[in-house]
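# Structural description and commentary
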Amino acid sequence: MTNPSTTRTQVAIIGAGPSGLLLGQLLHKAGIDAIILERQTGEYVLGRIRAGVLEQVCIDLMDEAGVGERMHKEGLVHGGFEMLYHGKRHRIDMNALTGGKNVMVYGQTEVTRDLMEAREAAGLPTVYEAHNVSIHDFDSTRPRVKYEKDGVEHTIECDFIAGCDGFHGVCRASVPRNAITEYEKVYPFGWLGLLSDTPPVSDELIYVNSPRGFALCSQRSKTRSRYYLQVPLTDRIEEWTDEAFWQELRLRLDDEGREKLVTGPSIEKSIAPLRSFVTEPLRFGRLFLAGDAGHIVPPTGAKGLNLAATDVKYLSSAIIEFFDEKSEAGIDSYSQRCLRRIWKAERFSWWFTALMHRFPEDGPIVSKFQEAELDYLLNSEAGSRSIAENYVGLPLNFGE
Ligand SMILES: Cc1cc2nc3c(=O)[nH]c(=O)nc-3n(C[C@H](O)[C@H](O)[C@H](O)COP(=O)(O)OP(=O)(O)OC[C@H]3O[C@@H](n4cnc5c(N)ncnc54)[C@H](O)[C@@H]3O)c2cc1C
């Protein structure tokens, strides 16, 4: 059994999801030490099926972190997506509408794997299965983190704590309640997701507004599909056989989709609730929240992972500036800069969710409003451009 230890590092990062791992890598590139503490095992983190669409800023960050090689080889560049309503498809030509911008389909599991492997290859410290993590004295210049590993308590002394521990993490929960404001909207439905090793129904993503509810035909590669169905929050995953899923998806698609859909056994199936959530501020003395620890979006706009990446960009730059230039300007403006970007992505994700889903409390008149809005947006260049511009992601310095 190991003995209790006290270690010193510059940045203690809580959470080895995409935020924590990307931050660790960017700091390492700048010669700044960090230790990552993760509650789960590495295999568990890699097994979580989540996001799959990367914006250009996220792609650029993977390159900056030196882990972009496999992504460029295996990721699929998408210059558009389709929207299906009233039985008809309309293509949003993102590339043409945004002056050449695209997104890339590359799974969050792959992003995580690339970052984990780079960290391991560089011999950087990550403590998996770190239990009872607690954070202390972040209102001083000498914060500390405590955790237990194999039943032994350890302490890390550091300059900064990065709270990259997701929505249910310990960092946000440790902030005094009177120092934090939380904004939240919970949606009255969830997304039932199914992953299968079958070729995608289309080369591009299809967002479906159907009288039976929303559906999304997404993908992870040319041989792996990810499909989603809007379902009531009361549905239980055990009730959804693969056959029932495929049958319901067919009913929400158009004739072409029904014809081309290739079905097969699920390799993962789960129901995720939808939530809009923002914490203000994101900095508390020497503690910074990044990614899902500070905000959640409904996945409709494909923004969760991308927002996490841009928080980390702002945070790594601020920390590097602190150590290299002895300037606190970056850490002082961290929260404000992130929130400005976050609220725009929150707004888009909420709006896109409202446009594409059936809300149980809405009557037929709201479906008519949705149809009219879709008819306007998809037949107006200005309307389509607004969707495209938000979907590919606003520039990091938008509005500055
Ligand atoms: C089911 C689901 C589907 C999603 N689909 C999409 C999508 O299609 N598109 C999209 O853009 N986004 C999607 N998202 C959102 C996206 O996955 C997240 O925004 C992204 O994972 C955020 O990364 P993160 O590192 O900030 O948080 P997380 O990925 O949640 O990582 C946080 C890490 O911290 C660890 N941790 C938590 N508490 C502690 C603790 N006390 N001590 C130590 N470690 C701790 C956790 O185990 C975890 O590994 C989805 C999310 C979910 C849950």
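Below: a short report on this structure. Along each chain, residues carry numbers from 1 onward, in the same order as the chain's sequence is written. Local features in a predicted model are, by the rule used here, given only for residues with pLDDT of at least 70; side-chain atom pairs are given and counted only at 80 or more, and totals for whole chains, interfaces and linings are based on all residues. Values reported for side chains reflect all heavy atoms of the structure, with hydrogen atoms and water molecules removed beforehand.

## A few points about the packing of aromatic side chains
Between the rings of Phe, Tyr and Trp (Trp by its six-membered ring), a pair exists once the centres lie within 6.5 Å; its type follows the angle of the planes, with under 30 degrees stacked, over 60 edge-to-face, and the other angles tilted. Going through the model one piece at a time under the given rule, you end up with 21 aromatic pairs. Ring centres 6.3 Å apart and planes at 45° place the aromatic pair Tyr207 and Phe214 in the tilted group. Of the two residues, Tyr207 and Phe214, both sit in the buried class. An aromatic cluster is defined as three or more aromatic residues linked by ring pairs; in this entry it consists of Phe81, Trp191, Tyr207, Phe214, Tyr228, Phe348, Trp351, Phe352 and Tyr391. Whether a charge lies above a ring is judged from NZ of Lys or CZ of Arg, which has to be within 6 Å of the ring centre and within 35 degrees of the ring normal. The cationic tip of Lys185 hangs over the ring face of Tyr187; the distance from NZ or CZ to the ring centre is 5.4 Å. Between the NZ or CZ atom of Lys303 and the centre of the ring of Tyr391, over which it lies, the distance is 5.6 Å. Throughout, exposure labels follow a simple rule: accessible area from a 1.4 Å probe, protein chains only, divided by the maximum for the residue type, with under 20% read as buried, over 50% as exposed, and the rest as partly exposed.

## Digging into the environment of Ala179
Helix and strand definitions follow DSSP, with helices as H or I runs of at least four residues and strands as E runs of at least two, each counted in order from the N terminus. With respect to the secondary-structure elements, Ala179 resides in the loop between β13 (160–163) and β14 (181–196). Using a relative accessible area of 35% as the deciding quantity, one classes Ala179 as partly exposed. Along the sequence, Ala179 and Ser221 sit 42 residues apart, while their C-alpha atoms lie 44 Å from each other. By definition in these notes, contact holds between two residues if any of their heavy atoms fall within 4.5 Å. The contacts of Ala179, once residues within four sequence positions are left out, are Glu280, Pro281 and Phe284.

## Looking at unusual backbone geometry
In this chain, Glu280 is followed by Pro281 through a cis amide linkage whose omega measures -10°. Positive phi, close to 55°, is recorded for Asp137, a residue that is not glycine. Note that Asp137 resides in the loop between β10 (131–136) and β11 (144–149). In this structure, Asp150 takes a positive phi of about 50° despite not being glycine. Within the secondary structure, Asp150 is located in the loop between β11 and β12 (152–157). Looking at Asp150, the relative accessible area reads 56%, which means it is exposed.

## Things to note about the site of the ligand
Working definition: residue near molecule or strand if any one of its non-hydrogen atoms lies within 4 Å of it. Taken together, 29 residues form the shell around the ligand, and within it Ser19, Glu38, Arg48, Gln108 and Asp292 come nearest. The contact in question runs from an oxygen atom of the ligand to an N or O atom on the backbone of Pro18, over 3.2 Å. In isolation the ligand has 1000 Å² of accessible area, and contact with the protein removes 87% of it. Mapped by element, the contributors of at least two residues to the shell around the ligand are α1 (18–29) and α9 (304–325). Residue polarity follows a fixed list, in which Ala, Val, Leu, Ile, Met, Phe, Trp, Tyr, Cys and Pro are nonpolar, Asp, Glu, Lys and Arg are charged, and the others, Gly among them, are polar. For the shell around the ligand, the residue count by class is 13 nonpolar, nine polar and seven charged. Any pair of N or O atoms that falls within 3.5 Å is considered a polar contact. Within protein, one atom must be able to donate a hydrogen and the other to accept it, and sequence-neighbouring residues count only if both atoms are side-chain atoms. With residues, only the protein chains shown are counted as cover, and all accessible areas are computed by Shrake-Rupley using a 1.4 Å probe.

## Focus: the sheet that holds strand β21 (residues 295–296)
Spatially, eight strands are ordered β7-β6-β15-β16-β17-β14-β18-β21 in an open sheet, and the strand pairing comes out mixed. Across the chains shown, the open sheet's two edge strands, defined by having one partner strand only, are β7 (88–92) and β21. The sheet contact formed by strand β16 (residues 213–219) and strand β17 (residues 225–231) spans five bridges and is antiparallel. From the neighbouring strand, Ala215 faces β17, where its bridge partner is Leu229. Where helix α7 (residues 242–252) meets the sheet, it contacts β6 (81–85), β14, β15 (206–210), β16, β17 and β18 (266–280), and its direction lies at approximately 80° from that of β17. Two strands make a pair as long as DSSP finds a minimum of two bridges between them. Interaxial angles span 0 to 180 degrees and are taken between N-to-C directions of axes, which are lines fitted to C-alpha atoms, for helices over the stretch in contact.

## Structural notes on the side chain of Glu346
Structurally, Glu346 can be placed in helix α10 (residues 329–356). Among buried charged residues, Glu346 stands out as having no salt bridge; its nearest opposite-charge side chain is Arg275, 9.9 Å away. Setting aside residues no more than four positions away along its own chain, Glu346 makes contact with Ser276, Phe277, Val278, His295, Ile296 and Val297. For this count, His and the chain ends are skipped, Lys and Arg are scored as positive, and Asp and Glu as negative. Think of a salt bridge as a Lys or Arg side-chain nitrogen and an Asp or Glu carboxyl oxygen that are within 4 Å of each other.

## Observations concerning the environment of Ser174
Assignment of secondary structure puts Ser174 in the loop between β13 and β14. You can call Ser174 partly exposed: its relative accessible area is 28%. Along the sequence, Ser174 and Ile135 sit 39 residues apart, while their C-alpha atoms lie 7.3 Å from each other. Apart from the residues lying within four places of it in its own chain, the contact partners of Ser174 are Ile135 and Phe138. A distance of 2.6 Å separates a polar atom in the side chain of Ser174 from the backbone oxygen of Val170.

## Here's the deal with the sheet that holds β11
By way of backbone hydrogen bonds, the strands of a sheet pair with one another, either parallel or antiparallel. The strand order across the open sheet formed by four strands is β1-β12-β11-β10, and the pairing between neighbours is mixed. Among the strands making up the open sheet, the edge pair consists of β1 (5–8) and β10. Each strand of the sheet is rotated relative to its neighbour by a mean of 20°, with strand direction disregarded. Bridge count for β11 against β12 is six bridges, and the pairing is antiparallel. Each bridged residue has a counterpart across the sheet, and for Lys149 the counterpart in β12 is Val152.

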